Amino acid sequence: MMNVFFRTCRFLAFCLACAALISARAADFKPAQPFLDSAKNVINAHGGNVIFHEGIYYLYGEEKEKGLSEKTHADAGIRCYASKDLVVWHDFGPMLSLTKTDPLSDLAFDCNQDRPKVVYNEKTKTFVMFFKLYLRGMGTNVGFVGVATSPSPAGPFKYSHKFVAGNSPNGTGDFCIFKDTDGTLYHMTVRKPDKAFVAAKMRPDYLLPEGEYKVCKGITFKTEAPCVFKKDGKYYMLASGSTGWAPNAARSFVSDNIFGEWKSLGNPCEGVNPLNGLGPEKTFGGQSSSIIKVEGKDNAYIAAFDINRPEHPYDSGYIWLPIEFKDDGSFKVLWRDEWDMSVFDKK
Ligand code: DGJ
């Protein structure tokens, strides 16, 4: 009798452990909650993007120095994390560091190095990194595009050059790099000082623009934080308005052509982030940084937002949420307290 009792207890304990495992699994992503790497350290990769190469995802982002603010030059360089499943991330360390010893370098420690985006060029077998660069002591009047390269996704990257984009002496601000299905790369960015949204095709080696920048018809002025993805032959953009570090309402667009005519799809966000009480009007307290394509699943994309905290950017947070496509051709980004990859199976 006692034996049966103990066996039943053991079985119940096993069931409870399984249930705990399943529910742990169900919380692969907890938007706006601490996002830790496999060593339980805060993931320090802001404003970046994720690429997939030979079975591994690589997350690149701005590394911020603990204890410093944006005003006291928190930028330390670009850091990388790697993952097999987008859930467990291993710290791969600095990819491109700012220098404290050479004040004349483009990458002097008190420059501004924002929003890194990495892309692989199959033709040159090179990983090319782009970032928004404001030179030390020169303010934000001229926005350069910095370029660094590496033969390996795990770096280190070597700084190559900078360029002034947009056919404007003031250059550009927030940008995205979109690699089309035929390998053509586009640099898409908000132009200074008029804040029109422009794009240009990059050279086959991806290192410099190939042609003139053209205004993308239909994209609202002052569109920042652009992220572009392609689905069923159409280009989709998720972006923000322009309010510095403060959150504003997200915007989205669709087009058959990179240069437009883009059609506004409105604000795709729905729901409220209970941790700060912010909804679509403030993008849950975040600002778009990139769209992550989930490999091996159909139409599976994650909208990645940063929670900007200019006073202490080191541990500012992230909001990763699935993109859901609607029957009318638009998409939505619904707030979820937690979620897992199975959301992409429920079609
Ligand atoms: C707007 C950008 O979207 C942000 O990422 C950040 O660079 C701020 N500007 C800085 O003011």
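Quick note: structure is the one above.
Everything numeric here is computed off the predicted structure, so don't read it as measured data.

> Which parts of the structure should I look at to understand unusual backbone geometry?
Across residues other than glycine, the phi torsion is negative in most instances, and most of the peptide bonds are trans. In this structure, Pro156 follows Gly155 across a cis peptide bond, with omega equal to -5°. Relative to the helices and strands, Pro156 resides in the loop between strand 7 (144-150) and strand 8 (158-163). A cis amide bond links Lys192 to the next residue, Pro193, at an omega of 0°. One non-glycine residue, Tyr206, lies in positive phi territory at about 70°. Its place among the elements puts Tyr206 in the loop between strand 11 (197-201) and strand 12 (214-215).

> Got a minute to help me understand the sheet that holds strand 17 (residues 269-270) in this structure?
Paired through backbone hydrogen bonds, the strands of a sheet run either parallel or antiparallel to each other. If you walk across this open sheet you meet the three strands as 17-22-21, and the pairing is mixed. Each end of this open sheet is capped by a strand with a single partner; those strands are strand 17 and strand 21 (324-325).

> What is the right way to read the side chain of Thr126 from this model?
Position of Thr126 among the secondary structure elements: in strand 6 (residues 126-134). For Thr126, the side chain forms a polar contact with the main-chain oxygen of Thr124, separated by 2.9 Å. When residues no more than four places from it in sequence are discounted, the contact partners of Thr126 are Val119, Tyr120, Asn121, Thr149 and Ser150.

> Explanation requested: the side chain of Ser83 in the structure shown.
In this structure, Ser83 sits in strand 3 (residues 75-83). Within polar-contact distance, the side chain of Ser83 engages the backbone nitrogen of Leu86 at 2.8 Å. A distance of 2.8 Å separates a polar side-chain atom of Ser83 from the backbone oxygen of Val88. When near neighbours in sequence (up to four residues on either side) are disregarded, Ser83 contacts Ile56, Tyr57, Val88 and Trp89.

> How should I be thinking about the nonpolar core in this particular structure?
The nonpolar side chains of soluble globular proteins are, as a tendency, buried together. Counting residues in each nonpolar core, the largest one holds 42 residues, and the members touching the most others are Leu86, Trp89, Ile302 and Trp320. When contributions to this core are tallied by element, the ones reaching two or more residues are strand 2 (56-64), strand 13 (224-231), strand 14 (234-240), strand 18 (287-293), strand 19 (301-306), strand 20 (318-322) and strand 22 (331-334). The element best represented in this core is strand 19, accounting for five residues. With 21 residues, the next largest nonpolar core counts Tyr58, Ile78, Ala82 and Tyr120 among its residues.

> Looking at this structure, how should I read the pairing of strand 9 (residues 172-179)?
Along a regular strand, successive side chains alternate from one face of the sheet to the other. Counting buried positions along strand 9 gives seven out of eight residues, so the element sits mostly inside the fold. Counting the residues that bridge the hairpin from strand 9 to strand 10 (residues 185-191) gives five residues, and of these Gly183 lies at a positive phi of roughly 90°.

> How do you make sense of the pairing of strand 7 when you look at a structure like this?
Taking burial as the measure, the seven residues of strand 7 include six buried ones, the bulk of the element. One ladder, built from seven bridges, connects strand 6 with strand 7; its direction is antiparallel. Residue Lys132 lies in a different strand from strand 7, and its bridge partner there is Val145. In this structure, strand 7 lies alongside strand 8, joined through five bridges in antiparallel fashion. What sits directly across from Val147, in strand 8, is His161.

> How should the environment of His46 be read in this particular structure?
Along the chain, the position of His46 falls in strand 1 (residues 46-53). Through-space distance from the C-alpha of His46 to that of Phe163 is 23 Å; in sequence the pair is 117 residues apart. In this structure His46 touches Gly61, Glu62, Lys64, Pro116, Asp306, Pro313, Tyr314, Ser316 and Tyr318, once residues within four positions along its chain are discounted. Only 3.3 Å separates the side chain of His46 from the side chain of Ser316, close enough to count as a polar contact.

Calculation criteria
- Going along each chain's sequence as written, the residues are numbered from 1 onward.
- The model is predicted, so local features are restricted to residues of pLDDT at least 70 and side-chain atom pairs to those at 80 or more, both for listing and for counting; the totals for chains, interfaces and linings are taken over all residues.
- Computation of side-chain values covers all heavy atoms of the structure but excludes hydrogens and water.
- Counting from the N terminus, the helices are DSSP H or I runs at least four residues long and the strands are E runs at least two residues long.
- A strand pair is defined by DSSP finding two or more bridges across the two strands.
- Throughout this description, a polar contact denotes any pair of N or O atoms lying within 3.5 Å of each other; where both atoms belong to protein, one of them has to be capable of donating a hydrogen while the other can accept it, and for residues adjacent in sequence the pair is counted only when both atoms sit in side chains.
- Between two residues, a contact is recorded if the distance between any of their heavy atoms is within 4.5 Å.
- Only buried residues count toward a nonpolar core. Its members are Ala, Val, Leu, Ile, Met, Phe, Trp, Tyr and Cys residues joined through side-chain atoms within 4.5 Å.
- Here the term buried applies to any residue with accessible area under 20% of the maximum for its type, exposed to any over 50%, and partly exposed to those in between, with areas from a 1.4 Å probe on protein chains only.

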